[in-house]
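Here's the letter readout for the chains.
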Amino acid sequence: MIRDFHEHADGATIEADLCIVGAGAAGITLAHELRNSRRRVLLVESGGLDADAATQELYAGENVGMPYPPLDTARLRFFGGTTNHWDGHCAPLDAIDFEKRRWVPHSGWPLTRADLAPAYERAQVMCELGPCEYRPERWGDALPGLIDFESRRLVNRLWQFGPPTRFGRHYRDALNDAANVEVLLNANVVEIVVNDEATAVRKLRLRSLEGRSGAIRPRTVVVACGGIENARLLLASDRVMKNGLGNANDLVGRFFQEHPHAIFAFAVPAVPIDRLGVYYGNFAARGEAGAAVFQAKPGLSEDIQRREGLLNCCIDVGWGYQRSPGYLKFRAVAKSLAQGRMPRDLGHAVLTMAGDLGGLAEGLYRRARDQNVFWFACSVEQAPNPDSRVTLAAERDALGLPRVRLDWRLSPLDKITARRACRLVGEEFARLGLGRMRLDDWLLADDTTWQDMDVRYHHMGTTRMSDDPKRGVVDRHCRVHGIDNLYVAGSSVFPTSGYANPTLTIVAMAVRLADHLTDRLADRLGGGNGG
Amino acid sequence: MRDMQPFRSAVPRRWLLAALATVLASPAVPWADRRGAPRHLRPERLLSDLGGARAIGRQYLALAPQEAAPGLLARCLDAGTGAGACGDAGPERLRRALDEQRRRDFAAGDTVVIDGWILARTEARLCALAALG
């Protein structure tokens, strides 16, 4: 059943066996996995079924570190969460991503890739992907054009494309029809209230933007609000624990990670552009394992990561006539018009083109002469950095909750890895006669600066997972250390981020958490899992 | 205006490509030159775009000033490719030897970055020979 908070009486207290706070990829997956059980599941969402400006504004915050987009545009606050604008681009983490690597401080999950393998299988289904098979050799001739890299240096990484799945839209009916699930819209959890010993959650305080209040009395709570908001809610719930919940060791909000992403090189092709189509297109393949839509990317081999002390990284390959903003904007406008659509923000597009007439002219000239280049961008794992963090700002939002302050910081190893990966790709392209690469000046500079950073809106690490309470906020089951019935779901629990887009792993971790909660709720309440 | 690196290079792309494309495509004709490069490695025989090659070579020598001697460069190239023997055996074998060495350079990461371009050490040394010529 899907209800609006305003359908409950003002001041009402709602009982639930499990309350999930946040209806994004993690929250919806959890509720979906637990539907049709005997446990009453309450999925609480701040927004409605569609976007709403006033609710979205609750996400506004301060950026005080590396340049970052406004926080109220970097995520979406309505049913389905940020899956409402993702591109369905999925890859699992690699085995090495879970390891404690001596050259990557603060690395290491309490899980292995094998532990997560069954959950990844189910996550593939949730994300409407093909079979959970990402090894290129298992697809054989179905993926023509893969480059035969020197495998001690580079390997081919496969990604899959979903439709993309809009979780809110796609799973809405299933949740609405589930007898044991209530989706509560337009309800904001503004505080997690714990007992005096801070060992258990007693209730959640609710407010709406219209001033209605209420409470939830849950047996178990999962906070699934997103990589920034999870930390915010724990930090802001400071009535008993002055530093916030789960924060006895000053870890909540620290280790914020993104996927730094920037174009860093181009290459003059020595082969026809479409020779590398599997690297820049959406490539439909059918093999023994089934069918899927793929894109390949060159990635650092595990071997070279170990030998040279690098992070994990893979490279996006694209092509075009020109990379300047004026030409790129022209291309976007032309594409819209060709599709019979008025371009979005045409005024801004015109201004951009007018401000880059040289780049626009160069692009048009090269287009007329059909002179393409390959371009390359890195998707690099960010080294966990305790000083890269989310804290609470002094300003409060319309609900009285402190806004967030994001201080995003990178480390030298991030750029060192990007530079090395890029050079390896350039060397391999030249060795194989595919083209000659020129690296951008900023990448060669021996500093930590990045140029024209294009972040991915991947927010990770702020409630990191470790079996040691001194090193992590949650344990291997995503339970907050020291608080018996409080869990966290989503990418905030990732200790490290790999290079892959996080959604598939978010969903896999939610599937795994659902299994854990099924067992745990059965223990706590008695009886089986129900039908 | 940002993002114009492809067209700002101090070593213009047409120079680089012309120079490198001809490094391995041109026949080499051995002839005696006791003062500098062995005759089979005479740059003008290997590089049709000498202007571009010299620009690249000058930048390489700025990075590796200890190699700024034709004889030394030639010995380095000979050592990598066995070009001395190949030169006697004919231009086609020399071309293949240089091509093989270039690939080995890239595979081993024995490369240099000149104005952003990634060059095999062998390519850079041939260009340096041209610059010294």
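Residues numbered from 1 in each chain as written. Chains lettered and ligands numbered in written order. Predicted model: local features only at pLDDT ≥ 70, side-chain atom pairs only at ≥ 80, totals over all residues. Heavy atoms only, no water.

(A) Seen up close, the overall build of chain A. Across its full length, chain A carries 14 helices and 19 strands. Here chain A holds 531 residues, and the buried ones make up 59% of them. Total accessible area on chain A stands at roughly 20,000 Å², and carbon and sulfur atoms take up 48% of it. (Helix = DSSP H or I, 4+ residues; strand = E, 2+ residues; numbered from the N terminus. Buried < 20%, exposed > 50% of the residue type's maximum accessible area, 1.4 Å probe, protein only. Areas by Shrake-Rupley, 256 points an atom, 1.4 Å probe, with all protein chains shown as cover.)

(B) Fine view of the overall build of chain B. Counting its secondary structure elements, chain B contains 7 helices and 2 strands. The order of helices and strands in chain B, counted from the N terminus, is α-α-α-α-α-α-β-β-α. The proportion of buried residues among the 133 residues of chain B is 51%. Long-range contacts, defined as pairs at least 24 residues apart, comprise 63% of the intrachain contacts of chain B with a sequence gap of at least 6. Put simply, chain B shows about 5,800 Å² of open surface, and 51% of that area lies on carbon and sulfur atoms. (Contact = heavy atoms within 4.5 Å.)

(C) Up close: helix α10 (residues 346-354) of chain A. Residues and elements named next belong to chain A. Inspection of α10 places Ala349, Thr352 and Met353 among the buried residues, and these make up the whole buried set. Buried residues of α10, viewed axially, fall in a sector of 95°; they line one side. Buried residues in α10 make contact with α9 (325-338) and α11 (357-368). (Arc of directions from axis to C-beta.)

(D) Representation of the packing of helix α3 (residues 50-63) of chain B against helix α7 (residues 121-132) of chain B. Residues and elements named next belong to chain B. Running from N to C, α3 and α7 cross one another at 105°; their axes reach a closest spacing of 7 Å. Between α3 and α7, the crossing angle belongs to the class labelled roughly perpendicular. Of the residues in α7, those touching α3 at Leu50, Ala53, Arg54, Ile56, Gly57, Arg58, Tyr60 and Leu61 are Arg121, Ala124, Arg125, Cys127, Ala128, Ala130, Ala131 and Leu132. Split into classes, the residues belonging to the contact of α3 with α7 amount to 11 nonpolar, 1 polar and 4 charged. (Axes fitted to C-alpha atoms, helices over the stretch in contact; angles between N-to-C directions. Parallel < 35°, antiparallel > 145°, perpendicular 65-115°, else oblique. Nonpolar A, V, L, I, M, F, W, Y, C, P; charged D, E, K, R; others polar.)

(E) Expanded view of the nonpolar core. Residue and element names in this part refer to chain A. If you look at the biggest cluster of nonpolar residues, it comprises 150 residues, and the most contacted ones within it are Ile192, Phe376 and Leu486. With 11 residues, the top contributor of residues to this core is helix α14 (residues 503-525). With sequence-adjacent residues up to four places away left out, Ile192 is seen in contact with Val201, Lys203, Leu204, Val223, Leu233, Leu234, Ser237, Leu245 and Leu486. (Core = buried A, V, L, I, M, F, W, Y, C linked by side-chain atoms within 4.5 Å.)

(F) Representation of the environment of Leu116 of chain A within the structure. All names here are of chain A. Mapping Leu116 onto the fold places it in helix α3 (residues 113-126). Leu116 sits in the buried class, given a relative accessible area of 0%. Separated by 395 residues in sequence, Leu116 and Val511 have C-alpha atoms that sit 9.6 Å apart. Each residue touching Leu116, except ones within four places of it in the same chain, is listed here: Phe98, Thr505, Ala508, Met509 and Arg512.

(G) Inspection of the pattern of salt bridges at higher detail. Residues and elements named next belong to chain A. A full pass over the atoms with the stated rule returns 47 salt bridges over all chains. A salt bridge links Arg219 to Asp17, with the shortest nitrogen-to-oxygen separation between them at 3.4 Å. Of the two residues, Arg219 sits in strand β10 (residues 213-223) while Asp17 sits in strand β2 (residues 13-21), which places them 202 residues apart along the sequence. Across the pair Arg232 and Asp397 runs a salt bridge, and its minimum N-O distance is 2.7 Å. (Salt bridge = Lys/Arg side-chain N within 4 Å of Asp/Glu carboxyl O.)

(H) Spatial organisation of the pairing of strand β16 (residues 389-396) of chain A. All names here are of chain A. Bridge count for β16 against strand β17 (residues 402-407) is 5 bridges, and the pairing is antiparallel. Bridged to Thr391 within β17 is Arg405. Linking two consecutive strands that pair antiparallel, namely β16 and β17, is a turn of 5 residues; a positive phi of about 90° is found at Gly400 within it. (Pairing = 2+ DSSP bridges.)

(I) Spotlight on unusual backbone geometry. All names here are of chain A. Going from Pro163 to Pro164, the amide bond is cis rather than trans, its omega being 5°. Looking at the secondary structure, you find Pro164 in the loop between β6 (154-161) and α4 (167-170). Positive phi values are uncommon outside glycine, yet Ala198 reaches one of about 55°. As for its placement among the helices and strands, Ala198 is situated in the loop between β8 (188-194) and β9 (201-207).

(J) Layout of helix α12 (residues 412-431) of chain A. Residue and element names in this part refer to chain A. Look at α12: 29 Å from first C-alpha to last across 20 residues, which is about the 28 Å you get at 1.5 Å a residue. With 16 of its 20 residues buried, α12 lies for the most part within the structure. Just downstream of α12 lies Gly433, where phi reads positive at about 70°. (Expected span 1.5 Å × (residues − 1).)

(K) Structural context of the packing of aromatic side chains. All names here are of chain A. Per the stated rule, a full pass over the model turns up 14 aromatic pairs over all chains. For the ring pair Trp139 and Phe294, a centre distance of 4.7 Å and an interplane angle of 70° mean the geometry is edge-to-face. You can see Trp139 sitting in the loop between α3 and β6 and its partner Phe294 sitting in strand β13 (residues 290-300), a full 155 residues away along the chain. Each member of the pair, Trp139 together with Phe294, is buried. When the ring of Tyr280 is compared with that of Trp319, the centres are 6.2 Å apart and the planes differ by 65°; the resulting orientation is edge-to-face. Here Tyr280 is found in helix α7 (residues 277-280), whereas its partner Trp319 is found in strand β14 (residues 313-320), with 39 residues between them in sequence. Judged by relative accessible area, Tyr280 falls into the partly exposed class, the value being 24%. By relative accessible area, Trp319 is classed as partly exposed at 32%. Site record: aromatic cluster; members linked through ring pairs are Tyr68, Phe256 and Trp408. In this structure, Arg77 is placed above the aromatic ring of Tyr59, and the distance from its NZ or CZ to the ring centre is 4.9 Å. (Phe/Tyr/Trp six-rings, centres within 6.5 Å; stacked < 30°, edge-to-face > 60°. Lys NZ or Arg CZ within 6 Å of the ring centre and 35° of its normal.)

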